[in-house]
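One-letter residues, chain by chain:
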Amino acid sequence: MEMHVYKNKFTHYILIIVGTILMAVSVNLVYEPMEMVTGGLSGLAIVIKKLTGLVIEDGIPIWITNLALNVPLFIAAILVRGKTFVKHAFLAEISFTLALALVPSGINFLGDDYLLAAVFGGVIGGVGIGLVFAANASTGGTDMLAMIIHKFIPYHTVPRILIVIDAVVVTIGIISFGITKALYAIIAVYITAKISDSILEGLKFAKMAYIISEHYEKIAERIIADLDRGVTGISATGMYSNKEKKMLFCVVSKKEIVELKELVAEVDPRAFIIVSDAREVMGEGFREYRQ
């Protein structure tokens, strides 16, 4: 059990580190040189770097602004929501800040192609955020601010509050960099959301199958022996024949569903199979419960 917990923690840390590095790449190499504000504290940091660049050379680095804005947020979150609330976000925020400091910034390798920047930044950032979320973590920022505000106005949902906060940041971006860049930034936000959702769903998706056959015992034996998957027999009644029968129910990974259908066809070519998506499966053989 200790080795299993250790492996889970190791995977947890790897997901956070890789995810935050990808997020930093999207910010430093795409959004900042293209002056695209996609919301969040990193978006606000891009604006601050631009404005302070009028006073000091190159402006205040994004990682410094990100860290400076997050410190009071974490303190407020501890006071309002407790230490447990920020536990998962702390490591991710430290990793993200370090990644922002280490990944080169200000290098424009996309020219004036804002559409390519929106797509590339959205994909890279979406994968990064998806990996961080898959580790059950958060990088703090406006997400944490929304949760703190929700404590005081619970009649508004966290997503609704977050939309308002990010809308304010994007509006600041419009004022600073113009409407055109902001519109491309919105495209990047949409792509980021889709990619991060796909990452999470891809990690958790499975297939569930209902199998109706006169040879259910043989099919169940083959599934247990060949696929090493559990099977549940559900009592059912055929309304046309009015006969009692067993309907098998099992959950397999996406890559195993083809093998399952072939296995059933070998035992009973006339078997009736219903296959559908399982959005998330937890338990032995799938995603384990966190210890």
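Before reading further, recall that the structure is shown in the block above.
In this report, the structure presented in the accompanying data block is examined. The shown structure was predicted, so the numbers you read here are calculated from the model rather than taken from an experiment. (Residues numbered from 1 in each chain as written. Predicted model: local features only at pLDDT ≥ 70, side-chain atom pairs only at ≥ 80, totals over all residues. Heavy atoms only, no water.)

### Some points on the layout of surface pockets
Applied cut-off: As defined here, a cavity is a set of points on a 1 Å grid over the protein atoms alone where a 1.4 Å probe fits but cannot get out. A pocket is an open set with protein on both sides within 12 Å along at least five of seven lines, and residues line them when an atom is within 4 Å of a point. Grid points are joined across faces, edges and corners, and a volume is the space filled by probe spheres set on the points. Polar here means any residue outside two lists: the nonpolar Ala, Val, Leu, Ile, Met, Phe, Trp, Tyr, Cys and Pro, and the charged Asp, Glu, Lys and Arg; Gly therefore counts as polar.
Computed from the structure, the largest pocket encloses a volume of approximately 1,300 Å³. Together, 45 residues line the largest pocket, and Ile129, Thr142, Asp143, Leu162 and Asp166 are the ones closest to its centre. Tallied by class, the residues present in the lining of the largest pocket amount to 23 nonpolar, 18 polar and 4 charged.

### Points about the nonpolar core
One broad trend across soluble globular proteins is that nonpolar side chains are buried collectively. Worth spelling out the cut-off: In this text, buried Ala, Val, Leu, Ile, Met, Phe, Trp, Tyr and Cys residues form a nonpolar core when linked through side-chain atoms within 4.5 Å. Only protein chains enter the accessibility calculation, which uses a 1.4 Å probe; a residue is then buried when its area is under 20% of its type maximum, exposed when over 50%, and partly exposed in between. Numbering of helices and strands runs from the N terminus, with a helix taken as a DSSP run of H or I at least four residues long and a strand as a DSSP run of E at least two residues long. Residues are treated as being in contact if the distance between any of their heavy atoms lies within 4.5 Å.
By size, the foremost hydrophobic cluster in this structure holds 32 residues, and its most contacted members are Val27, Tyr31 and Met36. Of all elements in the fold, only α1 (2–34), α2 (40–52), α4 (83–102), α5 (114–134), α7 (158–177) and α8 (179–204) reach the threshold of two or more residues within this core. Ranked by residues supplied to this core, first place goes to α1 with 9 residues. In this view, Tyr31 contacts Ser26, Met36, Thr38, Ile46, Ala117, Gly121, Gly122, Ala188 and Thr192; residues no more than four positions away in its chain are not counted. Grouped together as the second largest cluster of nonpolar side chains are 15 residues, Ile223, Leu227, Val264 and Val267 included.

### Things to note about the pattern of salt bridges
As a reminder, the rule being used: Counted as salt bridges are all cases of a side-chain nitrogen of Lys or Arg within 4 Å of a carboxyl oxygen of Asp or Glu.
Scanning all chains against the criterion turns up 7 salt bridges. In this structure, the salt-bridge partner of Glu35 is Lys50, at a minimum N-O distance of 3.0 Å. Of the two residues, Glu35 sits in the loop between α1 and α2 while Lys50 sits in helix α2, which places them 15 residues apart along the sequence. The exposure class assigned to Glu35 is buried, which follows from its relative accessible area of 17%. Arg222 serves as the salt-bridge partner of Asp226, at 2.7 Å between the closest nitrogen and oxygen. Of this pair, Asp226 and Arg222 both sit in helix α9 (residues 216–227), 4 residues apart, roughly one helical turn. One connected set of salt bridges, linked through shared partners, spans Glu35, Lys50 and Lys181.

### As for the packing of aromatic side chains
So the rule is basically this: Working definition: rings of Phe, Tyr and Trp (its six-membered ring) pair if their centres are within 6.5 Å, and the pair is stacked with planes under 30 degrees apart, edge-to-face with planes over 60 apart, and tilted otherwise.
All told, the structure shown has 3 aromatic pairs when counted by the stated rule. Aromatic side chains Phe74 and Phe90 sit 6.3 Å apart centroid to centroid with 80 degrees between the ring planes, which places their arrangement in the edge-to-face category. Placement of Phe74 in helix α3 (residues 62–81) and of Phe90 in helix α4 is noted, with a sequence separation of 16 residues between them. Each ring, one from Tyr114 and one from Tyr184, has its centre 5.8 Å from the other, and the planes form 25 degrees; the classification is stacked. Taken as a pair, Tyr114 in helix α5 and Tyr184 in helix α8 lie far apart in primary sequence, 70 residues in all.

### Points about helix α10 (residues 257–267)
Counted only if it meets this: In this description, the arc belongs to the directions extending from the helix axis to the C-beta atoms.
Every buried residue belonging to α10 is among Ile257, Leu260, Leu263, Val264 and Val267, and all of these are buried. Within α10, the buried residues cover an arc of 120 degrees as seen down the axis, which keeps them to one side. Buried residues belonging to α10 abut β1 (206–212), α9, β3 (243–252) and β4 (272–278).

### Description of the side chain of Ser26
Note the threshold: Pairs of N or O atoms within 3.5 Å make up the polar contacts considered here, provided that, within protein, one atom can donate a hydrogen while the other can accept it, and that residues adjacent in sequence are counted only when both atoms are side-chain atoms.
Of note, Ser26 is situated in helix α1. The class of Ser26 is buried, set by a relative accessible area of 3%. Here the side chain of Ser26 touches Met23 through a polar contact of 2.6 Å, landing on its backbone oxygen. What Ser26 contacts, discounting residues up to four positions off in sequence, is Tyr31, Gly121, Ile124 and Gly125.

### A word on the sheet that holds strand β2 (residues 232–238)
To keep it simple, the criterion reads: The criterion for strand pairing is that DSSP finds at least two bridges linking the strands in question. Throughout, an axis means a line fitted to C-alpha atoms (over the contacting stretch in the case of helices), and angles, computed between N-to-C directions, take values from 0 to 180 degrees.
Here we have 4 strands laid out as an open sheet, ordered β2-β3-β1-β4, and antiparallel in their pairing. Both edges of this open sheet fall to β2 and β4, since each of them pairs with a single strand only. Averaged over all pairs of adjacent strands, the angle between their axes in this sheet comes to 25 degrees, without regard to strand direction. The sheet contact formed by β2 and β3 spans 7 bridges and is antiparallel.

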